[in-house]
Amino acid sequence: SNDIVKTQILSTLIDWKDDNGLKLYYELLSEHPPVKDVYAYKILSAFSDSLSLANDNIQLLTKLFEMEDYKVQVLRICSSLYNSDSSIYQHSVMNVLPQLTEFVNSDFEIYFQNLNRSKNAYNYSALIYQYLVFFRNTEKLNYSNLCLKLLDSKYVPDYLKSAAITNCIINETKIPSK
């Protein structure tokens, strides 16, 4: 498909070290990003490798965050920016916080619907985990209600429950005993 070709081209361009390759990379990623069958980890690896580059392109990252296949990697990159020692990077993340939290409730709802339907929502587990890490690491984010809902479900994997418990502890939310 077209998206597979775009992904392969972007994955190749990001490894080029010359200005023309990088210019084409940014142009393709911002104007014609692949939207299906995306290997986002590879495509966005430059932003993971360079927080300065990620910070300079945070608007592009938040635009990509609107597309399902990019959410996990964008959250991971933004968590790294926020956890850095740079107040400039932290401020950048806080400026795009509304965009990064816009889909929280709907993404969790989709996760729970998939979980209730099949007892396994594996495709969404990575995203939910990354949200939990992002909540934990970003001040002023308290989604304890979602964490408690995770803890209340018997089908949620243990690693997600552990992350939810950590969030509850950080936010001083009472964890119900069972």
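Use the structure listed above.
Please read all numbers here as calculations on a predicted model, not as lab measurements.

Engineer: Would you mind going over the packing of helix H10 (residues 104-118) against helix H12 (residues 144-152) with me for this structure?
Structural biologist: Pairs of packed helices are described in terms of their axes, by the angle between the two and the distance that separates them. Relative orientation of the contacting elements H10 and H12 amounts to 5°, with a least axis distance of 11 Å. Taken together, the axis directions place H10 and H12 in an arrangement best described as roughly parallel. On H12, the residues that touch Val104, Asn105, Phe108, Glu109, Tyr111 and Phe112 of H10 are Leu146, Lys149 and Leu150.

Engineer: Where do I start with the side chain of Asn57 in this structure?
Structural biologist: Take Asn57: it is sitting in the loop between helix H5 (51-56) and helix H6 (58-65). Dropping the residues within four chain positions of it, Asn57 is found in contact with Tyr26 and Phe47.

Engineer: In this structure, what is going on with helix H1 (residues 2-13)? I would like to understand it.
Structural biologist: Within an α-helix, residues lying three or four positions from one another point in the same direction, as the helix has 3.6 residues per turn. Its 12 residues give H1 an end-to-end C-alpha distance of 16 Å, which sits within 8% of 16 Å, the value for a rise of 1.5 Å per residue. For H1, the set of buried residues is Asp3, Thr7, Leu10, Ser11 and Leu13. In an axial view of H1, the angular spread of the buried residues amounts to 165°, which keeps them on one side of the axis. Tucked into the core, H1 has its buried residues touching helix H2 (19-31) and helix H3 (40-43).

Engineer: Looking at this model, I keep getting lost on the environment of Ile14. Mind explaining?
Structural biologist: Considering the arrangement of structural elements, one finds Ile14 in the loop between H1 and H2. On the basis of relative accessible area, Ile14 is assigned to the buried category, the value being 6%. Each C-alpha atom of the pair Ile14 and Cys78 lies 19 Å from the other, and the pair is 64 residues apart in sequence. Residues within four places of Ile14 in sequence aside, it is in contact with Leu22, Tyr25, Lys42, Ile43, Ser45 and Ala46.

Engineer: Looking at this structure, how should I read the packing of aromatic side chains?
Structural biologist: For any pair of aromatic rings, the description rests on two quantities: the centre-to-centre distance and the angle between the ring planes. Here the structure, examined in full by the defined rule, presents 12 aromatic pairs. When the ring of Phe108 is compared with that of Phe112, the centres are 6.5 Å apart and the planes differ by 40°; the resulting orientation is tilted. Within this pair, Phe108 and its partner Phe112 are both found in helix H10, separated by four residues, close to a single helical turn. Taken individually, Phe108 and Phe112 each receive the classification buried, so the pair is uniform in this respect. Residues Phe108 and Phe135 carry aromatic rings whose centres are separated by 6.2 Å and whose planes lie at 15° to one another, so their mutual orientation is stacked. Taken together, the positions of Phe108 in helix H10 and Phe135 in helix H11 (residues 122-137) put the pair 27 residues apart, joining distant regions of the chain. The pair formed by Phe108 and Phe135 is uniform in burial state, with each residue classed as buried. Chaining the aromatic ring pairs together yields one cluster made of Phe108, Tyr111, Phe112, Tyr131, Phe135 and Tyr143. The aromatic ring of Phe65 is capped on one face by Lys71, whose charged end is 5.8 Å from the ring centroid.

Thresholds, definitions, all that
Residues numbered from 1 in each chain as written. Predicted model: local features only at pLDDT ≥ 70, side-chain atom pairs only at ≥ 80, totals over all residues. Heavy atoms only, no water. Axes fitted to C-alpha atoms, helices over the stretch in contact; angles between N-to-C directions. Helix = DSSP H or I, 4+ residues; strand = E, 2+ residues; numbered from the N terminus. Parallel < 35°, antiparallel > 145°, perpendicular 65-115°, else oblique. Contact = heavy atoms within 4.5 Å. Expected span 1.5 Å × (residues − 1). Buried < 20%, exposed > 50% of the residue type's maximum accessible area, 1.4 Å probe, protein only. Arc of directions from axis to C-beta. Phe/Tyr/Trp six-rings, centres within 6.5 Å; stacked < 30°, edge-to-face > 60°. Lys NZ or Arg CZ within 6 Å of the ring centre and 35° of its normal.

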